[in-house]
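Summary of structural features
Listed below are the residues making up each chain.
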Amino acid sequence: MPNHATTNAERYKEALTPSCETKAAYMSEFSIDVPMVDEHGEEFTQQIDVPWTTIKEIMATISKRAETEPLKGSPQ
């Protein structure tokens, strides 16, 4: 029977691995507000979804750091 730490580690790895499941879960989950001006000079904010490619890059960076960085407080 797997222990709690192993199960959590597997869940984190799955959540940070690009797949159809993570794409479905994360698409439209993240956005940024971009200030804009219309043709009449009126200011407004447009919400732009973060592209899947950018989400995958973020996931890869987090995964790489988790694999290479020592845990805080652990001996080096």
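Located above this text is the structure these notes cover.
We now turn to the structure provided with this report. (Residues numbered from 1 in each chain as written. Predicted model: local features only at pLDDT ≥ 70, side-chain atom pairs only at ≥ 80, totals over all residues. Heavy atoms only, no water.)

Notes on the overall build of the protein chain
Helix and strand content of the protein chain: three helices and two strands. Starting at the N terminus and walking to the C terminus, you meet the elements of the protein chain as α-α-β-β-α. Looking at the protein chain residue by residue over its 76 residues, the buried ones come to 7%. Within the protein chain, counting contacts between residues at least 6 apart in sequence, those at least 24 apart form 35% of the total. In the form shown here, the protein chain has an accessible surface area of approximately 6800 Å², with 56% of it arising from carbon and sulfur atoms. (Helix = DSSP H or I, 4+ residues; strand = E, 2+ residues; numbered from the N terminus. Buried < 20%, exposed > 50% of the residue type's maximum accessible area, 1.4 Å probe, protein only. Contact = heavy atoms within 4.5 Å. Areas by Shrake-Rupley, 256 points an atom, 1.4 Å probe, with all protein chains shown as cover.)

Digging into the packing of aromatic side chains
By the definition in use, this model includes one aromatic pair. For the ring pair Tyr26 and Phe30, a centre distance of 6.3 Å and an interplane angle of 55 degrees mean the geometry is tilted. (Phe/Tyr/Trp six-rings, centres within 6.5 Å; stacked < 30°, edge-to-face > 60°.)

Here's the deal with helix α3 (residues 52-68)
Taking 1.5 Å of rise per residue, the 17 residues of α3 would be expected to cover 24 Å, and the 24 Å separating its terminal C-alpha atoms lies within 8% of that figure. Those residues of α3 lying buried are Trp52, Ile55 and Met59. For α3, the angular spread of buried residues about the axis comes to 60 degrees, placing them on one side. Pointing more than 90 degrees away from the buried face of α3 are the exposed residues Thr61, Lys64, Arg65 and Thr68. Its buried side turned inward, α3 meets α1 (4-15) and α2 (20-26). (Expected span 1.5 Å × (residues − 1). Arc of directions from axis to C-beta.)

Focus: unusual backbone geometry
Non-glycine residue Ser28 carries a positive phi angle of around 70 degrees. Structurally, Ser28 is set in the loop between α2 and β1 (31-37). On the accessibility criterion, Ser28 (52% relative accessible area) is exposed.

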